[in-house]
Amino acid sequence: QVQLVESGGGLVQAGGSLRLSCVASGSIFSFNAMRWYRQSPGKQRDLVAAITSGGSTNYADPVKGRFTISRDNAKNTVYLQMNSLKPEDTAVYYCNILDGLFRNYWGQGTQVTVSS
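Structure report, in brief. (Residues numbered from 1 in each chain as written. Predicted model: local features only at pLDDT ≥ 70, side-chain atom pairs only at ≥ 80, totals over all residues. Heavy atoms only, no water.)

**Considerations on the pairing of strand S11 (residues 110–115)**
Only one face of S11 is buried: it carries Thr110, Val112 and Val114, and the other face, with Gln111, Thr113 and Ser115, is open. The pairing of strand S2 (residues 10–13) with S11 spans four bridges and is classified as parallel. Along S11, the bridge assignment pairs Gln13 with Ser115. Here three bridges tie strand S9 (residues 91–99) to S11, and the two strands are oriented antiparallel to one another. Its bridge partner being in S11, Ala91 is matched across the sheet by Val112. (Buried < 20%, exposed > 50% of the residue type's maximum accessible area, 1.4 Å probe, protein only. Helix = DSSP H or I, 4+ residues; strand = E, 2+ residues; numbered from the N terminus. Pairing = 2+ DSSP bridges.)

What follows is the structure, encoded as structure tokens:
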């Protein structure tokens, strides 16, 4: 019964910034992790960033130092702040929640396009 809705994608020039948001609704009261993935056409879906219920974070090497994942529990929202964007960051970005019962939920994705 959980739904995730991403927003904030768009077209940006290299070096620019975007902030993605993912709002969760439905019967979710706890989680093991909130994560952002991305996928380009013809390629696998790769983990970008994750934040655990305890607040620890981890990032894929290509985005370390540029992206920041955060959450607002009161708003049931997870964010991905993306700075210093590069053309290789172009992808559809997906929000994912691993809930307290270790069930995965996915958003529909939001397109991020970085021009050179």
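**What to know about the state of the cysteines**
Overall, the coordinates contain one disulfide when judged by the stated rule. Bridging Cys22 to Cys95, the disulfide has an S-S length of 2.1 Å. Taking the sign of the S-S torsion, -80° for the link of Cys22 and Cys95, the bridge is left-handed. Of this pair, Cys22 sits in strand S3 (residues 18–25) while Cys95 sits in strand S9, and the two are 73 residues apart along the sequence. Here Cys95 falls in the buried class, since its relative accessible area comes to 0%. (Disulfide = S-S within 2.5 Å.)

**Observations regarding the nonpolar core**
Leu4, Trp36, Val48, Phe67, Leu80, Met82 and Tyr93 are the most contacted members of the largest nonpolar core, which totals 28 residues. Sorting the residues of this core by element identifies S3, strand S4 (31–39), strand S5 (46–52), strand S7 (67–72), strand S8 (77–82), S9 and S11 as the ones contributing at least two each. Other than its neighbours up to four places away in sequence, Phe67 contacts Arg38, Val48, Tyr59, Leu80, Gln81, Met82, Asn83, Leu85, Asp89 and Tyr93. (Core = buried A, V, L, I, M, F, W, Y, C linked by side-chain atoms within 4.5 Å. Contact = heavy atoms within 4.5 Å.)

**Overview of the pattern of salt bridges**
The final tally for this structure, using the stated rule, is four salt bridges. The partner of Asp89 in a salt bridge is Arg38, with the nearest N and O atoms 2.9 Å apart. With a gap of 51 residues between them, Asp89 in the loop between S8 and S9 and Arg38 in strand S4 connect regions that are remote in the sequence. Accessibility assignment for this pair places Asp89 and Arg38 in one class, buried. One continuous salt-bridge network, built from bridges that share partners, spans Arg38, Arg66 and Asp89. (Salt bridge = Lys/Arg side-chain N within 4 Å of Asp/Glu carboxyl O.)

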